[in-house]
Amino acid sequence: MSNSREKILAATRANKPAETPLPPVPDFAGDDSTERFTQVLTSIGGQVAWIDGPEQLLSVVKQLFPESRLSASPLFPATVPVDALTPTEVLADVDLAVLPGEIGVAENGSIWLPEVNMLHRALPTITQHLVLVLDHRRIVATMHQAYAQLPSTGGYGAFVAGPSKTADIEQSLVIGAHGARSLVVLLY
């Protein structure tokens, strides 16, 4: 038995492929990441709007979502208080969530949203409309650069890009199938 095992291991070692170096990752030096971020996010169904600063947030949100009845946000007084223990039955009625994003990624139009910014893990996907607020100086060119900035302590979080969509049901595009129907990123 030991003989067979050693033959198999010897054959495996003998047929080990040569190491292939990783491809170079372009650094997009000189690239206007904010412009590229806007372009990519818009192309995947999201919207980008500029605000002068956080003090303008509430008025812009009211202008963009005048029909909103139930909102949740750590950034201004919202109509629904949400925390990690809020029942999902309560969250299901929230039609607008306004949350702070941490890092924007130009190459795919995504925004890093750590759990601490979500109020509740389900909120970004159960709300009808999601607004992420992001400092434009926190936009990086690539996912490699974004991952390099994530805390080494780990923790839950998600890169969010565009509204939820799927086209795998009879090849028909459905917006909001398993998440927010719209995504607006407010840059300042």
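Quantities reported herein were computed from a predicted structural model and do not represent experimental measurements. (Residues numbered from 1 in each chain as written. Predicted model: local features only at pLDDT ≥ 70, side-chain atom pairs only at ≥ 80, totals over all residues. Heavy atoms only, no water.)

A. Local environment of the side chain of Ser73. By the element assignment, Ser73 lies in the loop between strand E2 (71-72) and helix H4 (88-91). Here Leu75 takes part through its backbone nitrogen, which lies 2.9 Å from a polar atom of the side chain of Ser73. Within polar-contact distance, the side chain of Ser73 engages the backbone oxygen of Val98 at 2.7 Å. Ignoring any residue separated from it by four or fewer positions in sequence, one finds Ser73 in contact with Ala78, Val98 and Leu119. (Helix = DSSP H or I, 4+ residues; strand = E, 2+ residues; numbered from the N terminus. Polar contact = N/O pair within 3.5 Å; in protein donor to acceptor, adjacent residues only side chain to side chain. Contact = heavy atoms within 4.5 Å.)

B. The nonpolar core, seen in detail. By size, the foremost hydrophobic cluster in this structure holds 24 residues, and its most contacted members are Phe37, Leu123, Leu130, Leu132 and Val185. At the level of secondary structure, the elements contributing two or more residues to this core comprise helix H2 (33-43), strand E3 (96-100), strand E5 (110-114), strand E6 (129-134) and strand E11 (182-187). Among residues more than four places away in sequence, those in contact with Leu123 are Ala72, Val82, Leu91, Val94, Ala97, Leu99 and Met118. Membership of the second largest hydrophobic core comes to 12 residues, among which are Phe65, Leu96, Val98 and Leu186. (Core = buried A, V, L, I, M, F, W, Y, C linked by side-chain atoms within 4.5 Å. Buried < 20%, exposed > 50% of the residue type's maximum accessible area, 1.4 Å probe, protein only.)

C. Structural detail: the environment of Asn108. Following the sequence through the fold, Asn108 ends up in the loop between strand E4 (103-105) and E5. Along the backbone, Asn108 and Met118 are 10 residues apart, and their C-alpha atoms lie at a distance of 21 Å. Dropping the residues within four chain positions of it, Asn108 is found in contact with Val40, Ile44, Met143 and Ala161. One polar contact links Asn108 to Ser110, side chain to side chain, over a distance of 2.7 Å.

D. Looking closely at the side chain of His120. You can see His120 is positioned in the loop between helix H5 (115-118) and helix H6 (123-126). The exposure class assigned to His120 is buried, which follows from its relative accessible area of 12%. Excluding residues that lie within four positions of it along the chain, His120 makes contacts with Val82, Asp83, Ala84, Leu85, Thr86, Thr88 and Leu91.

E. Local environment of the pattern of salt bridges. Enumeration according to the criterion identifies 2 salt bridges in this entry. Between Arg121 and Glu115 there is a salt bridge, with its nearest N and O atoms 2.8 Å apart. Residue classification places Arg121 among the partly exposed residues on the basis of a relative accessible area of 45%. Note that Asp135 and Arg137 form a salt bridge whose closest N and O atoms lie 2.7 Å from each other. A residue is classified by how much of its surface remains accessible, and Arg137, at 64% relative accessible area, is exposed. (Salt bridge = Lys/Arg side-chain N within 4 Å of Asp/Glu carboxyl O.)

F. Examining the sheet that holds strand E8 (residues 157-160) more closely. Here 4 strands make up an open sheet; going across it, the order is E7-E4-E5-E8 and the pairing mixed. Either end of the sheet is taken by a strand with one partner, and the two such strands are strand E7 (139-140) and E8. Where E4 lies against E7, 2 bridges are found, and the strand directions are parallel. Opposite Gly104, over in E7, you have Ile139 as the bridge partner. (Pairing = 2+ DSSP bridges.)

No statement about biological role is implied by the geometric values presented.
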